[in-house]
Amino acid sequence: MSNSESKPWTREEFEAQLRGMERYYHIHHPYHTLMNEGKLTKEQIQGWVANRYYYQVMIPIKDANILANCPDRKTRAIWIQRIMDHDGHPNDPGGIEAWIRLGIAVGLTRDEITSLQYVLPGVRFAVDAYVNFARRADWHEAASSSLTELFAPKIHQQRLDNWPTHYPWVEKEGYIYFRKRLSEARRDVEHGLELTLDWFKTREQQERMVEILQFKLNVLWTMADAMYMAYINEMPPYFNVKP
């Protein structure tokens, strides 16, 4: 029997399949393991913050592409909150600004962060691939790719729990982003998961969704690979090319 003819997973089984993908989440990447254990240097923390900023600024662009392709008014009314969460609004400076403050808290300047001067080619390539996927994919698929948020609260909580001990030199204001995302990610998961479980009904569709989630997990893992090569192995891009 082909996969397309297989019996669909129940709603509970489908959700369990998605949650089981946590084993590929970048919380298990060596870069994040070292970070969580307090084994990164100040420069390695700074490299991660500077590179991750590119992901932060591209997320609302990703979400804007999803909105542009979404004909459903109710979904747009909910999804637009994600853009405001990152870009900010009169009552909240937003996640991007909070990430800039994290960068300042770890010793970078605002210009060093916002200029993107430290963004590695591998990180840029991975993030751009994600944004291009959201631009071109069916909006259901693009929206559901955000479900790596299922696993995000744990990694944010780890940083809140461990960084003050392991990296006492980080200024306290830097933790605003992690606290902010604890509640936002849980809210976003509730909507994103409901949308996914409602839409992907056949076994073929469900397995396609697992592939999409794997793609997004690959994006995050590849970003960490590039940073590990540059900042742990001390082999930044073109390290062996002489001027």
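Residues numbered from 1 in each chain as written. Predicted model: local features only at pLDDT ≥ 70, side-chain atom pairs only at ≥ 80, totals over all residues. Heavy atoms only, no water.

**Thoughts on the packing of aromatic side chains**
Tallied over the full model, the rule gives twelve aromatic pairs. With 5.6 Å between their ring centres and 75° between their planes, Trp 163 and Tyr 167 make a pair best called edge-to-face. For Trp 163, a relative accessible area of 1% gives the class buried. Under the relative-accessibility criterion, Tyr 167 is labelled buried at 1%. Centroid distance Tyr 177 to Phe 178: 6.1 Å. Interplanar angle 80°. Geometry classified as edge-to-face. The pair formed by Tyr 177 and Phe 178 is uniform in burial state, with each residue classed as buried. Among the aromatic side chains, those forming a connected cluster through ring pairs are Trp 48, Trp 99, Trp 163, Tyr 167, Trp 169, Tyr 175, Tyr 177 and Phe 178. In this structure, Arg 82 is placed above the aromatic ring of Trp 79, and the distance from its NZ or CZ to the ring centre is 3.7 Å. A cation sits over an aromatic face here: Arg 124 above Tyr 54, 4.8 Å from the ring centre. (Phe/Tyr/Trp six-rings, centres within 6.5 Å; stacked < 30°, edge-to-face > 60°. Buried < 20%, exposed > 50% of the residue type's maximum accessible area, 1.4 Å probe, protein only. Lys NZ or Arg CZ within 6 Å of the ring centre and 35° of its normal.)

**A word on the UniProt feature "domain: Thiaminase-2/PQQC" (unreviewed entry) in the protein chain**
Under the feature "domain: Thiaminase-2/PQQC" (unreviewed entry), the UniProt entry names residues 17–225. Its end C-alpha atoms 25 Å apart, residues 17–225 is made of 73% helix and 0% strand. (UniProt positions renumbered as here; feature names shortened; annotations may be inferred. Helix = DSSP H or I, 4+ residues; strand = E, 2+ residues; numbered from the N terminus.)

**Some words on unusual backbone geometry**
Even without a glycine there, the phi angle at Leu 116 is positive, about 65°. In this structure, Leu 116 sits in the loop between α6 (110–114) and α7 (121–136). You can call Leu 116 partly exposed: its relative accessible area is 21%.

**Comments concerning a nonpolar patch on the surface**
A contiguous nonpolar patch, built from Met 229, Met 235 and Phe 239 and spanning about 270 Å² of accessible area, is present on the exposed surface. Met 229 sits in the partly exposed class, given a relative accessible area of 38%. (Patch = residues over 30% accessible without salt bridge, like charges linked within 9 Å, V, L, I, M, F, W, Y side chains within 5 Å. Areas by Shrake-Rupley, 256 points an atom, 1.4 Å probe, with all protein chains shown as cover. Salt bridge = Lys/Arg side-chain N within 4 Å of Asp/Glu carboxyl O.)

**Focus on the environment of Ala 105**
If you trace the backbone, Ala 105 turns up in helix α5 (residues 95–105). The exposure class of Ala 105 is buried, given its relative accessible area of 4%. Along the primary structure Ala 105 and Ile 27 are separated by 78 residues, whereas in three dimensions their C-alpha atoms are 22 Å apart. Here Ala 105 is in contact with Trp 169, Val 170, Glu 171 and Gly 174, once residues within four sequence places are set aside. (Contact = heavy atoms within 4.5 Å.)

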